[in-house]
Amino acid sequence: KFTLFGTSVIATNYTDDVQFIDVVSGTNFAALAGSPPKARFIDVVRDQVWLGAVNGTEKRVHWSGLNDASFWTPGTQSCDYQDAASGGPIRGIIGGAQAWIFQQQRVTRATFTPGSTAVYQFDEVQGGKGIAAQNTLVRVGDMAWYYSSDGPYEFAVSSGATQPIG
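The rules behind each value
- Residues numbered from 1 in each chain as written.
- Predicted model: local features only at pLDDT ≥ 70, side-chain atom pairs only at ≥ 80, totals over all residues.
- Heavy atoms only, no water.
- Core = buried A, V, L, I, M, F, W, Y, C linked by side-chain atoms within 4.5 Å.
- Buried < 20%, exposed > 50% of the residue type's maximum accessible area, 1.4 Å probe, protein only.
- Helix = DSSP H or I, 4+ residues; strand = E, 2+ residues; numbered from the N terminus.
- Pairing = 2+ DSSP bridges.
- Axes fitted to C-alpha atoms, helices over the stretch in contact; angles between N-to-C directions.

**Q** Account for the nonpolar core, naming residues and giving values.
**A** Counting residues in each nonpolar core, the largest one holds 14 residues, and the members touching the most others are Trp50, Val61, Trp63, Ile90, Ile101, Ala110 and Tyr120. Of all the secondary-structure elements, those providing two or more residues to this core are strand E5 (39–45), strand E6 (48–54), strand E7 (57–63), strand E9 (90–94), strand E10 (99–103) and strand E11 (106–112).

**Q** Would you mind going over the sheet that holds E7 in detail, with residue names and values included?
**A** Taken together, the four strands give an open sheet; going across it, the order is E5-E6-E7-E8, and neighbouring strands pair in antiparallel fashion. The sheet is open, and its two borders are formed by E5 and strand E8 (80–83), each paired with just one other strand. Here the strands of the sheet are splayed against their neighbours by 20° on average, with no regard to which way each runs. As paired strands, E5 and E6 are joined by six bridges and run antiparallel to one another. For alanine 39, the partnering residue across the bridge sits in E6 and is valine 54.

Take a look at the structure:
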């Protein structure tokens, strides 16, 4: 999976170290500094890089420091992580002004809370349904689609509204 953060393309594949390349001056991918965790999914939320389905803890999201893709020390510079108590493994992340975390059996919204020690507030927006099959989450602009246990769904990124389409 790939994401663009500033002029860097950052890539993750779950088993190898997170890699980056500067699209302006880089010639080869290299390991991203700061020891980010290996993860299945990646996106940018506000001004932080988010990783989801961390290797060894698939119900965890971990985000970088503010404006710093190479800062991964929890508890400082608004870098931290969150483990989901239920809902199954994370199956995708959609970034933007807030994070949408898609698990096997639920969808959660993470909203930035400036000044809070928690950094983000996590709210379930859809329980009992999530992504049934890995790699079925597709985003185009302000809309996304995914396959749940009872068929395909359409998801509005700006509002979190979900509706079946099959």
